[in-house]
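Results of the structural survey
Spelled out from the first residue to the last, the chains are:
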Amino acid sequence: MKRFGLIGKTLKHSFSKKYFAEKFSKENITDSRYDLFELRTIVELTDLIQSTVGLEGFNVTIPYKQEVMPFLTNLDHSAERVGAVNVVKIVGEQLIGYNSDYYGFKASLSRWLSNDVDSALVLGTGGSSKAVLVALEDLNIKYQNVSRSAKEGCITYSDIQENPDMLSDVQLIINTTPLGTFPAVDEMASLPVNAFHTGHHVFDLVYNPSMTKLMRVAKEQGAKTKNGLEMLELQAEKSWEIWNS
């Protein structure tokens, strides 16, 4: 039996196990299984690999997308550019790291956007934002990163509250933070909601709920909105492609 899975700290709301179970059933894949592996710390990874017979690869989620990198033998160019890993392929004694978040986000965004979108605000500076920024670079979309606190290369939410044109003048707003994720569905980034308008595209990487508070308030102002479900599906399919190539 080929084994695959997901490592992370808290996985009870994981998308991946259900997705792969349905995929295996639908495609009549009977020689593979996908499990959740909660690790209290990343150092438990070595024991997991040694004790899991048939393990051929695994996904990586927070908080280990960067912490896993010292355990790897090689990095694919996608992981090198993003600086984070969410897919590991096991080949003999080698652990090879990839980033399928990049592929999933880039493909999902490209399918959705019109060609005239060339400016973006990226909310958040965590691991998910890294794949988003590289994808935007490759799509020739200028971006500005937004953080809660002042740091190099970032503006703050306070800056936008004081100058709403920072929001109204861009065409694309991407939320890479967990704000609004179930069960905290009433949370959203601190933005001047009246600055949203019909020229905006709001892409929220959160997929549960399917309509986040950020998406809802933007849509009420006429903006187009999209959640992160398709991105997750595309990155999962990319993971499967990596493991089986």
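Data block above holds the structure.
Described below are features of the structure shown in this document. (Residues numbered from 1 in each chain as written. Predicted model: local features only at pLDDT ≥ 70, side-chain atom pairs only at ≥ 80, totals over all residues. Heavy atoms only, no water.)

**Observations regarding the overall build of the chain**
The cut-off we apply is this: The helix and strand labels rest on DSSP assignments: H or I over at least four residues marks a helix, E over at least two residues marks a strand, and numbering proceeds from the N terminus. Computation of the radius of gyration draws on C-alpha atoms alone. For the globule rule, the value is 2.2 Å times the number of residues to the power 0.38. Accessible area is worked out with a 1.4 Å probe on protein chains only. A residue is then buried under 20% of its type maximum, exposed over 50%, and partly exposed in between. Whether two residues touch is decided by their heavy atoms; if any such pair falls within 4.5 Å, the residues are in contact. Per-residue and other accessible areas were derived by the Shrake-Rupley procedure at a 1.4 Å probe size, with only the shown protein chains allowed to occlude residues.
Across its full length, the chain carries nine helices and 12 strands. Against the globule reference of 18 Å for 245 residues, the chain gives a C-alpha radius of gyration of 19 Å, in line with a compact fold. Principal-axis analysis of the C-alpha atoms places the extent of the chain at approximately 55 × 40 × 35 Å. The buried share of the chain, taken over its 245 residues, is 50%. Long-range contacts, defined here as pairs at least 24 residues apart, represent 66% of the contacts in the chain between residues at least 6 apart. Split by element, the accessible area of the chain, about 11,900 Å² in all, is 49% carbon and sulfur.

**Digging into the pattern of salt bridges**
Side chains that differ in charge, positive against negative, can pair when their charged atoms come close. The condition that has to hold: Every case where a carboxyl oxygen of Asp or Glu lies within 4 Å of a side-chain nitrogen of Lys or Arg is listed as a salt bridge.
In the structure shown here, the tally under the stated rule is 14 salt bridges. Ionic pairing is found between K18 and E22, a salt bridge with its closest N-O pair at 2.7 Å. Highlighted residues: K18 and E22, both in helix α1 (residues 16-26), separated by four residues, approximately one helical turn. Between E230 and K226 there is a salt bridge whose closest N-O contact spans 3.1 Å.

**Focus on the sheet that holds strand β12 (residues 224-226)**
Operational definition: Following DSSP output, two strands are said to pair if at least two bridges run between them. For helices, the fitted line uses only the C-alpha atoms of the stretch in contact; every axis is such a line through C-alpha atoms, and the angle between N-to-C directions lies from 0 to 180 degrees.
The strand order across the open sheet built from six strands is β9-β8-β7-β10-β11-β12, with neighbouring strands paired in parallel fashion. In this open sheet, the two strands that pair with only one neighbour each are β9 (154-156) and β12. Ignoring strand direction, the axes of neighbouring strands in this sheet form an average angle of 25 degrees. Note: strand β11 (residues 201-204) against β12, three bridges, orientation parallel.

**Details of the side chain of K89**
Selection criterion: Counted as a polar contact is a pair of N or O atoms within 3.5 Å, where, for protein atoms, one must be capable of donating a hydrogen and the other of accepting one, and residues adjacent in sequence contribute only when both atoms are in side chains.
With respect to the element layout, K89 can be found in strand β5 (residues 87-91). Polar contacts involving the side chain of K89 include one to the main-chain carbonyl oxygen of I242, which spans 3.2 Å. Of note is the side chain of K89, whose polar atom sits 2.6 Å from the backbone oxygen of S245.

**Focus on the packing of α1 against helix α9 (residues 229-243)**
Helix packing for two helices is described by the angle between their axes and how far apart those axes are. Note the cut-off: Note on convention: the crossing is left-handed when the near helix lies turned anticlockwise from the far helix by less than a right angle, right-handed when the turn is clockwise. Under the convention adopted here, Pro, Cys and the residues Ala, Val, Leu, Ile, Met, Phe, Trp and Tyr are nonpolar, Asp, Glu, Lys and Arg are charged, and Gly plus all remaining residues are polar.
As a packed pair, α1 and α9 sit with axes 11 Å apart at the nearest point and diverge in direction by 65 degrees. Handedness of the α1/α9 crossing: right-handed. Only E233, A236, E237, W240 and W243 of α9 make contact with α1, whose side of the interface consists of Y19, F20, K23 and F24. For the contact of α1 with α9, a count of residues per class yields six nonpolar, no polar and three charged.

**Here we look at helix α4 (residues 100-112)**
Cut-off, in case you're wondering: A helix's residues, less one, multiplied by 1.5 Å, set its expected span.
In a regular helix each residue adds 1.5 Å, so 13 residues correspond to 18 Å; α4 covers 18 Å between its end C-alpha atoms and thus fits that length. Of all the residues in α4, the buried ones are S100, D101, Y102, G104, F105, S108 and L109. Where α4 starts, the residue carrying a side-chain oxygen 3.1 Å from the main-chain nitrogen of D101 turns out to be N99.

**Overview of the packing of aromatic side chains**
Spelled out, the test is: Note on aromatic pairs: the rings of Phe, Tyr and Trp (six-membered ring only in Trp) are paired at centre separations within 6.5 Å, and the planes decide the class, stacked below 30 degrees, edge-to-face beyond 60, tilted for the rest.
By the definition in use, this model includes 14 aromatic pairs. Ring plane angle 45 degrees and centroid distance 5.9 Å describe the contact between F20 and F24, whose orientation is recorded as tilted. In this pair, F20 and F24 are both assigned in helix α1, four residues apart and thus about one turn of the helix distant. Since its relative accessible area comes to 8%, F24 is described here as buried. Each ring, one from F24 and one from W240, has its centre 5.3 Å from the other, and the planes form 55 degrees; the classification is tilted. In this pair, F24 is assigned in helix α1 and W240 in helix α9, connecting sequence segments 216 residues apart.

**So, the nonpolar core**
Applicable threshold: What makes a nonpolar core is a set of buried Ala, Val, Leu, Ile, Met, Phe, Trp, Tyr and Cys residues whose side-chain atoms join them at distances within 4.5 Å.
The biggest cluster of nonpolar side chains holds 21 residues, and the ones touching the most others in it are F105, L109, L136, L172 and I174. Elements supplying a minimum of two residues to this core: α4, β7 (119-123), α5 (127-138) and β10 (172-175). When residues of this core are assigned to their parent elements, the largest contribution, six residues, is made by α5. Excluding its chain neighbours within four sequence positions, the residues that come into contact with L172 are L109, W112, L113, V117, S119, A120, L121, L136, I141 and H201. Membership of the second largest hydrophobic core comes to 19 residues, among which are L121, V146, I155 and I160.

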